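As a plain string of letters, each chain reads:
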Amino acid sequence: MSSKDRTAVEQRWVLGLTSIGAVMVALDALVVAAALSTIKQDLGASIEQLEWTVNAYTLSFAMLLMIAAALGDRWGRRRMFAVGLGLFSVASAACALASSVQWLIAARAVQGVGAAVVMPLAMSLLGAAFPPERRGWAIGIFSGLTGLGVLGGPVVGGAVTEGLAWQWIFWINVPVGAVAILLVLLRISESSGAVRRLDLGGAALITLAVLGIVWGVARGETAGWASVEVLGSFLVGGLLLLAFLAWESRAPQPMVPLTYFRSRAFSAGNAAGFFLTAALFGAVFFMAQYMQVAFGAGPLEAGLRLLPWTATLFLVAPVAGRLVDRVGERPLVVAGLGLKAVGMFWISQVSSGTAQYAELMAPLIVAGCGVSMALPAAQSASIGALPREAVGIASGIYSMMRQLGGAVGVAVLAAVFAAAGGYESFATGFTRALAVCGVLSSLGAIAGLCISVRRSVVPGAPSARPEPVEEPV
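Along each chain, residues carry numbers from 1 onward, in the same order as the chain's sequence is written. With the structure being a predicted model, the display of local features is reserved for residues of pLDDT at least 70 and the display and counting of side-chain atom pairs for 80 or more, all residues being used for whole-chain, interface and lining totals. To get the side-chain values, take all heavy atoms of the structure and skip hydrogens and water.

This part takes up the overall build of the protein chain. Under the scheme used here, helices are H or I runs from DSSP no shorter than 4 residues and strands are E runs no shorter than 2 residues, and both carry numbers assigned from the N terminus. When helices and strands are counted, the protein chain shows 17 helices and zero strands. Accessible area is worked out with a 1.4 Å probe on protein chains only. A residue is then buried under 20% of its type maximum, exposed over 50%, and partly exposed in between. Counting across all 473 residues of the protein chain, residues that qualify as buried make up 56%. In these tables, accessible area is a Shrake-Rupley quantity obtained with a 1.4 Å probe, and a residue counts as shielded only by the protein chains included in the view. Carbon and sulfur atoms make up 68% of the accessible area of the protein chain, which totals about 18300 Å².

A pairing counts as a salt bridge when a side-chain nitrogen of Lys or Arg comes within 4 Å of a carboxyl oxygen of Asp or Glu. As enumerated under the stated definition, the model contains one salt bridge in all. Of the charged contacts, one joins Glu190 and Arg79 as a salt bridge, the two residues approaching to 3.9 Å between their closest N and O atoms. Here the residue Glu190 occupies a position in the loop between helix 8 (173-187) and helix 9 (200-223), and Arg79 occupies one in helix 4 (residues 77-96), the gap between them amounting to 111 residues. According to the relative accessible area criterion, Arg79 is partly exposed, its value standing at 47%.

Quick look at empty space enclosed by the protein now. A probe matching the size of a water molecule, rolled over the atoms, marks out where space remains unfilled. Lining residues are those with an atom within 4 Å of a point, where the points come from a 1 Å grid over the protein atoms alone and group into cavities, where a 1.4 Å probe fits but cannot get out, or pockets, open sets with protein on both sides within 12 Å along at least five of seven lines. Grid points are joined across faces, edges and corners, and a volume is the space filled by probe spheres set on the points. Considering all chains together, one arrives at two cavities of 30 Å³ or more under this definition. Of the pockets and cavities examined, the largest cavity occupies roughly 160 Å³. As for the largest cavity, its lining consists of 14 residues, and the residues nearest its centre are Phe61, Met119, Phe281, Arg402 and Gln403. Note that Gly is not counted as nonpolar here; it falls among the polar residues with everything else outside the nonpolar set of Ala, Val, Leu, Ile, Met, Phe, Trp, Tyr, Cys and Pro and the charged set of Asp, Glu, Lys and Arg. Looking at the lining of the largest cavity residue by residue, the class counts come to nine nonpolar, four polar and one charged.

If you check helix 13 (residues 307-327), its first and last C-alpha atoms are 29 Å apart, about what 21 residues at 1.5 Å a residue would give, namely 30 Å. At any given residue, the bend is defined as the angle formed between two axes, one fitted to the seven residues that end at that position and one fitted to the seven that begin there. In the structure, helix 13 departs most strongly from a straight axis at Val316, where the bend amounts to approximately 35° and where the proline Pro318 lies between one and four residues downstream. Gly328, located one to two residues past helix 13, shows a positive phi value of around 95°. Given a helix with a known number of residues, its expected span is that number minus one, times 1.5 Å.

Definition of nonpolar core: a set of buried residues of the types Ala, Val, Leu, Ile, Met, Phe, Trp, Tyr and Cys, connected through side-chain atoms within 4.5 Å. By size, the foremost hydrophobic cluster in this structure holds 139 residues, and its most contacted members are Met287 and Trp309. Counting residues per element, this core draws most heavily on helix 11 (residues 264-295), at 17 residues.

A separate point is the packing of aromatic side chains. Stacked, tilted and edge-to-face are the three classes applied to pairs of Phe, Tyr and Trp rings, where Trp contributes its six-membered ring and a pair requires centres within 6.5 Å; stacked means planes under 30 degrees apart, edge-to-face means over 60, and tilted covers the rest. Under the criterion given, the structure shown has eleven aromatic pairs. Taking the centre distance of 5.1 Å and the plane angle of 65° together, the rings of Phe261 and Phe266 count as edge-to-face. When its relative accessible area of 0% is taken as the criterion, Phe266 is described as buried. Judged by centre distance (4.9 Å) and plane angle (45°), the ring pair of Phe286 and Phe417 falls under tilted. With Phe286 in helix 11 and Phe417 in helix 16 (residues 391-419), this residue pair connects regions lying 131 residues apart in the sequence. Look at Phe286 and you get buried, because its relative accessible area is 1%. Pairwise contacts between aromatic rings join Phe286, Tyr290, Phe295, Tyr357, Phe417, Phe426 and Phe430 into one cluster. In our convention, an over-ring charge means Lys NZ or Arg CZ found within 6 Å of a ring centre and within 35 degrees of that ring's normal. Above the plane of the ring of Tyr357 lies Arg305, whose end atom (NZ or CZ) is 5.0 Å from the centre.

We now examine the environment of Gly328. Along the chain, the position of Gly328 falls in the loop between helix 13 and helix 14 (329-350). Among the residues examined, Gly328 registers a relative accessible area of 0% and is labelled buried. Residues Gly328 and Ser452 lie 124 residues apart in sequence; the distance between their C-alpha atoms is 8.7 Å.

Moving on, we get to the packing of helix 11 against helix 17 (residues 426-448). Only the stretch in contact is used when a helix axis is fitted, and all axes are lines through C-alpha atoms; the angle between N-to-C directions ranges over 0 to 180 degrees. Remark: helix 11 packs on helix 17, axes separated minimally by 8 Å, with the N-to-C direction vectors making an angle of 160°. Between helix 11 and helix 17, the crossing angle belongs to the class labelled roughly antiparallel. Helix 17 is crossed by helix 11, and the crossing has left-handed handedness. In what follows, roughly perpendicular refers to angles from 65 to 115 degrees, roughly parallel to angles under 35, roughly antiparallel to angles over 145, and oblique to any angle outside these ranges. Two helices crossing with the near one rotated counterclockwise from the far one by less than a right angle form a left-handed crossing, whereas a clockwise rotation gives a right-handed crossing.

Looking at the element boundaries, Pro387 is found in the loop between helix 15 (357-384) and helix 16. By relative accessible area, which is 33% here, Pro387 ends up partly exposed. For the pair formed by Pro387 and Tyr260, sequence separation is 127 residues and the distance between their alpha carbons is 9.9 Å.

On to the confidence of the model for the protein chain, then. Residues with a pLDDT of 70 or more make up 89% of the protein chain, whose mean pLDDT is 80. Per-element confidence in the protein chain ranges from a low mean pLDDT of 72 for helix 6 (residues 132-163) to a high of 93 for helix 4. In predicted models, pLDDT denotes the confidence assigned by the predictor to each residue on a 0 to 100 scale. When checking whether two residues touch, look at their non-hydrogen atoms; a contact exists if any pair is within 4.5 Å. Low pLDDT (under 50) marks residues 455-473, which in the prediction has 37 contacts with non-local residues, meaning those over four places away or in another chain.

Candidates for patches are residues over 30% relative accessible area with no salt bridge; among them, like charges are joined within 9 Å and nonpolar side chains (Val, Leu, Ile, Met, Phe, Trp, Tyr) within 5 Å. On the surface, a cluster of nonpolar side chains totalling about 440 Å² of accessible area is made up of Ile20, Leu164, Trp168, Ile172 and Val176. Looking at where Trp168 falls in the secondary structure, it is placed in helix 7 (residues 168-171).

Right, let's talk about the packing of helix 4 against helix 8 for a bit. Remark: helix 4 packs on helix 8, axes separated minimally by 9 Å, with the N-to-C direction vectors making an angle of 165°. Here helix 4 is positioned roughly antiparallel relative to helix 8, judged by the angle of their axes. Judged by the twist between their axes, the crossing of helix 4 over helix 8 is left-handed. The residues of helix 8 that touch helix 4, namely those facing Arg78, Phe81, Ala82, Leu85, Gly86, Phe88, Ser89, Ser92 and Ala93, are Asn173, Val174, Gly177, Ala178, Ala180, Ile181, Val184 and Leu185. Looking at the contact of helix 4 with helix 8 residue by residue, the class counts come to eleven nonpolar, five polar and one charged.

Below you can see the structure in the form of structure tokens.
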């Protein structure tokens, strides 16, 4: 086998195995949502405890992304990716064995730590394995599968809970993770980033800053947005973020070189990813519930009714990834998030009255195509804007922005929903929440306008991406 053939085979293994890890992590972000009522009955959980079965995962996930990315660059991306899969699988087994809700919450927090290792290193391995001219295509497939994991979480959770038991939404991860770890160690070559001294001060500051911000978002609806707890969390998180920026500007080997943000594509790609994920997670959280409330569907049937939306990710994202390599990221981010906004506003209008399911199919397809176009393009803009040796830290930053976006999106939409009457006036709350999804998508499209235009490519020549340059924002 020639060197070129061996490289192509390894690239396929990298794409397949990193996608498996990312799908596991994405599924478990929302897979527990469909099983909450059953968990409440089995473990005698309160509403606030049920909320923390989701929040514990989100908090530990968001807090440790940057540290995990830095450790992968230092100790080896393949090695740390396998460690993350192992920790995620063991924590999944602990979730399945939980005999109390406190145990389940603690296991979910550990599961989030594993997820924080898996996700940025999956993107790091992907970015290191594929050259710039093929990276868009690979990211398109990766993003499509990851998006299916996010959208499919409530569906899979509902199907497994109805057919087996809620514990099986966690048991499934164990054999999949074990096989994936073995194949990662056998089929993927080791790679690492620039060897730098670990920036412990920067790591501590960014971790605590994210904790403060996400804690405030997660507790906003329960404790009250004007409460001392929530306002104090935001204040502390903001001050720690400022301290992190000051520290990084003076550190001899910073964890996040602030010069990265001089790249317009990097900054804009991260902003677009934040708003995209905020709208996506918020829409997923409420759309599955709407299908059950409006049409009397069970969890599995509700998921099937969302297929016009979810199936587009698998069909359109790989094509969008190829287009990234030809036309650049900006057109796809702007057009994709624009379509997502149109779809969300359209659903908001249709659902304000007595909606028929057939009326929802067209806006679901429009919104799904928009997400499918924007996902790989925003990720490619962020990761591809920096030199190849910086792909690890770029992946960590992008993953953190997405995770923060998801937490913020669900919290903001939940607040809008509650202000409109909550579950006692579900249709009104849903209509307003989906309109806010449209606003978040529009903000992402505006951010996408700031991504640099890809230089034109001679037809028939290998694509396209110029060497990353530092461009003033």
